[in-house]
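Coordinate analysis (summary)
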Amino acid sequence: MVAVKLIPHILSWAGIVLVLLRGFPGRRSVVTLTSISGFVIGVVGTFTLFRSFPGTVVFGIVTSALGVVFLLIWGISVASIYRSTGRGVTFLWVERLVNTSLCAGMVAAIAGVVAGAVGICRLPVTDKTVLGLSLLVPASGAVAYAVAYATLAIEKRLPKSFAVSPYGMPTAVAALLLFSSSSILRLDLFSPLSMKVMKFAHDFVHQFMESMLIPDHVFIQSYLWRYIGLLFGKEIGFWGGLFIWFTPALLVLLAGQFERLPPVAHIRQGAQRRKILAAAIRERRFRLVIPLISLLFFVAAAYQSRFPSVEYWDPKPIVVTATSSGEIIIPKKGEVDLEDGKLHKFLFNRGGKDARFFVLMGPAGQLTVDLDACAICKPDGYGQADGTVICYYCKTLIPLETVGKPGGCNPVPITFAEKDDGVHIDALTLINEWGNTVQSTSKIKEGGK
Amino acid sequence: MVESIIETNGLTRSYGDICALKPLDLQVPEGEWLSVMGHSGSGKSTLMNLVGGLDRPTAGSLRVGGEDLLALSEDGLARFRREFVGIIFQQHHMVPYLTAVENVMLAQYFHSVPDEAEARSALERVGLGHRLKNRPGELSGGEQQRVCIARAIINSPKLLLGDEPTGNLDHKSTVMVMELLKELRAEERFTVIMVTHNQDVAAWGDRTIYLDDGVLVREERMKS
């Protein structure tokens, strides 16, 4: 089962090695060696981090590394489009650096480290012993070697025309890394990106419009608020996220399309002139293949993020009632086992008003009682998967370690008492807390953050 | 010493039991204008098709421009035809709904990329600057053949093959076309192989070979 989970990651890794081999022609041995070493270092390094720090920290580090890769691709894509405008900008030292073994080795090693780190995050790291570590080194080395060997054989059989441009290569590497990581909930970059865009749009619109509309401006008047609601929908985050997500690959594609053809005006014979142009156009077309494939991987990554294949644990709420003293008592080992580490949902009704909440035992063995809603989003509730709970509305992942703490998109914690017979919750507090929370978050039509 | 652009050794082409071209040894020096004469069914067009890479021999060897045509794949042969050969047929074989200039550009397209300015200039070169936008049906027989010449030379071939290109033309048009070919050959220095029934047309060449029933029976060098 674990091996099956790793297949997409190994295939992505093979794709990365293939692109690197083509992207650095003539540096096969350097690329092979450094990519294998990088992969093993990535696996072992991340494993060691898992041993030393809580999982949230390690996931945070790997996600940050992926974020840096994405930012780098943004920079590279902007440089590529700028260069294609032909404004006489030449980065000769950069071009010289790109063609060195040092650059090939560094890129392959970095890609290897990140790919290895992503791969190990897919595995449930339960055996954190030195023995586990000593087994991991040869295992990851064997995988990396087998992938490199197979990829090398494939690369040699590919037609020469299947060229990878200096801009297409990093784009493809990033696309494959992000595709690989998007299947791991806690490494997914697209959902947080969408969320940030949504938050930025909301904050910006709020600040800007408020300062411009109150009091009525000569040109911008307060009736505009009617239309501004569009910018407060959660879709703004999704579409804005998509724009940021796809732009690098699109820019590299466009840069390839705009690439200037070689000067041929000095060639006297028309047929010869046209032949050179046709060859250049054909080459340019082939160089678009890699950015196009990268774009497809970006699409696949966004799709995986939007529609994760992970099944969330989302139990049907159990209806509970309060005692005559106004307490809701849920036994620890009753209809459900509150201490099994799973999220258990409950529904309380008083006077026609529902309040949904859940009880969960965190990794530290502490019970927590929280509303099935946060103070920001519409109360779509939470699901549980892979050491996190997820807000169904904004897709924010909340590590189990932080559930029970207030703020952000965390579920709103409820005061409770843990006694021998179970968990005691004050019904009035619960219903009031739910009412206040839901009332405030429902103010924003189709709103979010 | 002028190098041979075409070298055949025992070149044979059979269609079932019928041997259209019997073992033929032939050398054509670069830049020569070779006329091929013979009756219908003597193997003239078969020879031209083989030399132009339009057909494959049954036996023997065939080298054109240093390329062993028997060793070439279908793609290789297509590339050879595209880059090395220009052909003018008796029928114009133009696309009827394209204009003269578009028909020439079509040849450029299959070779590399179209270039309208160059196609226009090629048509002007054959004296059809005023017929650029006319379709084949709006051109006379002589004009159609001149478009075919422009189309054949647009990709700067090393070898120009003519399969009775003046067969449908009157005397005046024939002379005009032959003069044009002579002029272009002097400028471009391509080799010409011209299949014809007409002794007068053959006389434009440097040398004439006669085929009969697939066999080279006679060879005649023209006086310059």
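The rules behind the values
- Every chain's residues receive numbers from 1 upward, in the order its sequence appears when written.
- Chain letters start at A and ligand numbers start at 1, both assigned in the order the entries are written.
- It should be noted that, the model being predicted, local features are given only for residues of pLDDT at least 70 and side-chain atom pairs only at 80 or more, the latter also being counted only at that level, while totals for whole chains, interfaces and linings use all residues.
- Confidence of the predictor in every single residue is expressed as pLDDT, which spans 0 to 100.
- The numbering of helices and of strands both runs from the N terminus, where a helix is a DSSP run of H or I of at least 4 residues and a strand a run of E of at least 2.
- For every residue pair, C-beta atoms are placed from the backbone, and the pair is scored as a contact if these atoms sit within 7 Å.
- All axes are obtained by fitting lines to C-alpha atoms, using only the stretch in contact for helices, and the reported angles, taken between N-to-C directions, cover 0 to 180 degrees.
- Angle categories are assigned with fixed cut-offs, so that under 35 degrees is roughly parallel, over 145 is roughly antiparallel, 65 to 115 is roughly perpendicular, and the rest are oblique.
- With the far helix as reference, a near helix turned anticlockwise by less than a right angle produces a left-handed crossing, and one turned clockwise produces a right-handed crossing.
- Only Asp, Glu, Lys and Arg are considered charged, only Ala, Val, Leu, Ile, Met, Phe, Trp, Tyr, Cys and Pro nonpolar, and every remaining residue, Gly among them, polar.
- Where each domain starts and ends comes from a domain assignment, either automatic or drawn from a database.
- At least two DSSP bridges between two strands are needed for those strands to be called paired.
- For a helix, the expected span equals 1.5 Å multiplied by the residue count minus one.
- With C-beta atoms placed from the backbone, a residue counts as buried when 20 or more other C-beta atoms lie within 10 Å of its own, as exposed when 12 or fewer do, and as partly exposed for counts between those limits.
- Joining buried Ala, Val, Leu, Ile, Met, Phe, Trp, Tyr and Cys residues through C-beta atoms within 7 Å gives a set, and that set is a nonpolar core.

Quick look at the confidence of the model for chain A now. Residues and elements named next belong to chain A. Summing up the model confidence of chain A, the mean pLDDT is 85 and the portion of residues at 70 or higher is 90%. Looking across chain A, the model is least confident in helix α9 (residues 225–228), with a mean pLDDT of 70, and most confident in helix α7 (residues 168–182), with 93. A low-confidence stretch, residues 444–449 (pLDDT under 50), is modelled with 15 contacts involving residues beyond four sequence positions or located in other chains.

Attention now goes to the packing of helix α3 (residues 55–84) of chain A against α7 of chain A. Residues and elements named next belong to chain A. Interhelical geometry of α3 versus α7 gives an angle of 150 degrees and a closest axis separation of 10 Å. Taken as axis vectors, α3 and α7 run roughly antiparallel relative to one another. Crossing of α3 over α7 shows left-handed handedness. In this structure, α3 contributes Leu-66, Val-69, Phe-70, Ile-73, Ile-76 and Ser-77 to the contact, and α7 contributes Pro-170, Thr-171, Ala-174, Leu-177, Leu-178 and Ser-181. In terms of residue class, the contact of α3 with α7 is made up of 9 nonpolar, 3 polar and no charged.

We now examine the domain arrangement of chain A. Residue and element names in this part refer to chain A. Here chain A is described as being made up of domain 1 (2–194 + 235–306) and domain 2 (318–441). Put simply, the middle of domain 1 and the middle of domain 2, counted by C-alpha atoms, are 42 Å apart. Listed as interface residues are 6 residues of domain 1 and, on the opposing side, 8 residues of domain 2.

Right, let's talk about the sheet that holds strand β9 (residues 207–212) of chain B for a bit. Residues and elements named next belong to chain B. The strand order across the open sheet formed by 6 strands is β6-β7-β8-β3-β9-β10, and the pairing between neighbours is mixed. Bordering the open sheet on either side are β6 (85–88) and β10 (215–221), each of which pairs with just one other strand. Looking at each pair of strands side by side, their axes are set apart by 20 degrees on average, direction ignored. Across 5 bridges, the pairing between strand β7 (residues 159–163) and strand β8 (residues 191–196) is parallel. Bridged to Asp-163 within β8 is Val-195.

Glancing now at the interface of chain A and chain B. Buried accessible area, meaning the area lost when the parts come together, often serves as the stated size of an interface. Chain A puts 8 residues into the contact, and the matching count from chain B is 8 residues. When grouped by side-chain class, the residues that make up the side of chain A that touches chain B number 4 nonpolar, 2 polar and 2 charged.

Before going further, it helps to examine helix α11 (residues 270–287) of chain A. For α11 of chain A, spanning 18 residues, the distance from its first C-alpha to its last is 26 Å, which sits close to the expected 26 Å at 1.5 Å a residue. All of the buried residues in α11 of chain A are Gly-270, Ala-271, Arg-274, Lys-275 and Arg-287 of chain A. Those residues of α11 of chain A that are buried lie in contact with α7, α10 (235–258) and α12 (289–306) of chain A together with α3 (100–111) and α4 (116–125) of chain B.

Okay, the nonpolar core next. Ranked by internal contacts, the top residues of the largest apolar core, which has 106 residues, are Leu-20, Val-114, Val-173 and Leu-177 of chain A. Those residues within four positions of Val-173 of chain A in sequence are excluded, and the remaining contacts are Ile-16, Val-19, Leu-20 and Ala-111 of chain A. Listed in part, the 59 residues of the second largest apolar core include Leu-62, Ile-88, Val-101 and Met-105 of chain B.

On to the pairing of strand β7 (residues 388–391) of chain A. Residue and element names in this part refer to chain A. Here β7 shows a buried face lined by Thr-388 and Ile-390 and a second buried face lined by Val-389 and Cys-391. Two strands pair when backbone bridges link them, and strand β6 (residues 382–385) and β7 are joined in this way by 4 bridges, in the antiparallel orientation. The residue of β7 that forms the bridge with Gly-383 is Ile-390. Connecting β6 to the next strand, β7, in antiparallel fashion are 2 residues, including Asp-386 with a positive phi near 50 degrees. Relative to strand β8 (residues 397–399), β7 runs antiparallel, the two sharing 3 bridges. Looking across to β8, one finds that Val-389 is bridged to Ile-398. Counting the residues between successive antiparallel strands, the hairpin from β7 to β8 contains 5 residues, one of them, Lys-395, with a positive phi of roughly 65 degrees.

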